[in-house]
Amino acid sequence: MRQASAGRSSWSVFISRHYPEEIDTMPSTVKVDFYKSSPKDANLESFKGLVSHALPGLHANILDALRRCGHLENPGSLKVVDLGAGQGALSARFAECGCRVLACDYVSENFAASEFGIEFRCLDLNQDFADLLGAGSADIVSAVEIIEHIENPRHLLRECRKLLRPGGVLVLTTPNIDSSRSKTDFMAEGIFHMFRDSSYRSSGHITPIGAWQLDKMAEEARLRTEQHTTFGNESYTFRERPKAFLLQSFIERFGRRYPWGDGAIHVLLLSPY
């Protein structure tokens with residue numbers, strides 16, 4: 001899942017300043033090759049041969065959450081818009097449930113799920129897109145691991161809301177920078193987990209968003225939080241980094257505890273009002 005900018009992106013500006021020798025050969029979006037990793041990569045999950053660049057189990061967790069909240073009843077009547085679809089792993093899961101799926105991504109050559117009857121649209125999510133896809137036409141909008149790639153996350157939420165029908169739901173996920181792991185990284189190195197220079201350059205993580213910001217942005221976009229959980233455990237081990245392990249253990253014991261948990265990824269179900 002990756003995204004181009006409107007004009008000269010924050011990502012390309014960073015590259016031009018720190019890696020001037022690469023700016024002429026690198027596009028204003030994340031390198032396409034990063035998202036063509038082999039399904040044989042032990043760190044990547046795949047579904048029906050389609051690679052997912054998300055934590056293993058996250059896509060299944062999302063579908064379970066939608067079922068629990070009643071958003072996957074009568075799937076044959078549901079239209080799903082999957083933003084930042086990548087190869088189409090999550091799109092294929094929705095299609096297998098019986099949903100009609102429209103997959104969107106900036107890099108069309110990565111999409112590989114057409115055989116599942118999934119329509120594809122090449123799209124820049126930093127631009128207006130709701131009217132292009134059909135405002136008010138979607139029962140489910142999926143923005144899974146994409147908002148951290150976007151220059152203006154508030155604009156993304158407004159456009160997602162515009163896409164939804166009354167009673168629809170937006171599935172939103174993003175790295176949890178409020179987690180004990182991320183706080184440990186910030187205290188030790190001054191950076192958030194999953195937002196290092198390397199992830200900025202290779203995977204396009206340009207916009208870290210905390211839970212407080214997510215809440216405010218959703219409210220401003222007239223989206224109500226139905227469910228907020230977190231997913232995944234990326235805790236340090238003593239063997240790996242003993243000092244970081246001890247610091248994270250201290251934060252877990254004495255730091256603030258959040259009702260949505262301490263997982264690596266925020267998972268939100270948001271409905272329009």
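Structure first, text after, so check above.
Structure report, in brief. (Residues numbered from 1 in each chain as written. Predicted model: local features only at pLDDT ≥ 70, side-chain atom pairs only at ≥ 80, totals over all residues. Heavy atoms only, no water.)

**Concerning the pairing of strand β9 (residues 265-272)**
What counts is decided by this rule: Each residue is assigned to one of three classes by its accessible area relative to the maximum for its type, calculated with a 1.4 Å probe on protein chains only: buried under 20%, partly exposed between the two thresholds, exposed over 50%. Numbering goes from the N terminus for both helices and strands, where a helix is a DSSP run of H or I of at least four residues and a strand is a run of E of at least two. DSSP bridges decide pairing: two strands pair if at least two such bridges lie between them.
Along β9, eight of the eight residues are buried, which leaves the element largely enclosed by surrounding structure. Residues of β9 alternate between two faces, with I265, V267, L269 and S271 on one and H266, L268, L270 and P272 on the opposite face, all of them buried. Sheet analysis places strand β7 (residues 164-175) next to β9, joined by six bridges and oriented antiparallel. Looking at the pairing, L170 lines up with L270 of β9. Pairing of strand β8 (residues 223-231) with β9, which is carried by eight bridges, proceeds in the antiparallel orientation. Each bridged residue has a counterpart across the sheet, and for T229 the counterpart in β9 is V267.

**A short note on the pattern of salt bridges**
Where we set the bar: Note on definitions: salt bridges are taken to be side-chain nitrogens of Lys or Arg within 4 Å of carboxyl oxygens of Asp or Glu.
Within this structure, the stated rule accounts for eight salt bridges. The partner of R196 in a salt bridge is E189, and the shortest N-O contact between them spans 3.0 Å. In this structure R196 comes out as partly exposed when scored by relative accessible area, which is 30%. Residues joined in a network through salt bridges with shared partners are E189, R196 and R241.

**Some remarks on the packing of aromatic side chains**
Keep this limit in mind: In summary, the pairing rule links any two rings of Phe, Tyr or Trp, Trp by its six-membered ring, whose centres are within 6.5 Å, and it sorts them by plane angle into stacked for under 30 degrees, edge-to-face for over 60 and tilted for everything else. Lysine and arginine charges are scored as sitting over a ring when NZ or CZ, respectively, is within 6 Å of the ring centre and within 35 degrees of the ring normal.
The final tally for this structure, using the stated rule, is five aromatic pairs. With a centroid separation of 5.9 Å and an interplanar angle of 85°, the aromatic rings of F238 and F245 are classed as edge-to-face. On the basis of relative accessibility, which here comes to 29%, the residue F245 falls in the partly exposed class. Ring centres of Y258 and W260 lie 5.1 Å apart, and the angle between their planes is 15°; this geometry places the pair in the stacked category. By the burial criterion, Y258 is buried, and W260 matches it. Residue placement shows R181 over the ring face of Y236; its charged tip is 3.9 Å from the ring centre.

**Focus: the environment of G86**
Mapped onto the fold, G86 is located in the loop between β3 (79-83) and α3 (89-97). Residues G86 and H53 lie 33 residues apart in sequence; the distance between their C-alpha atoms is 8.0 Å.

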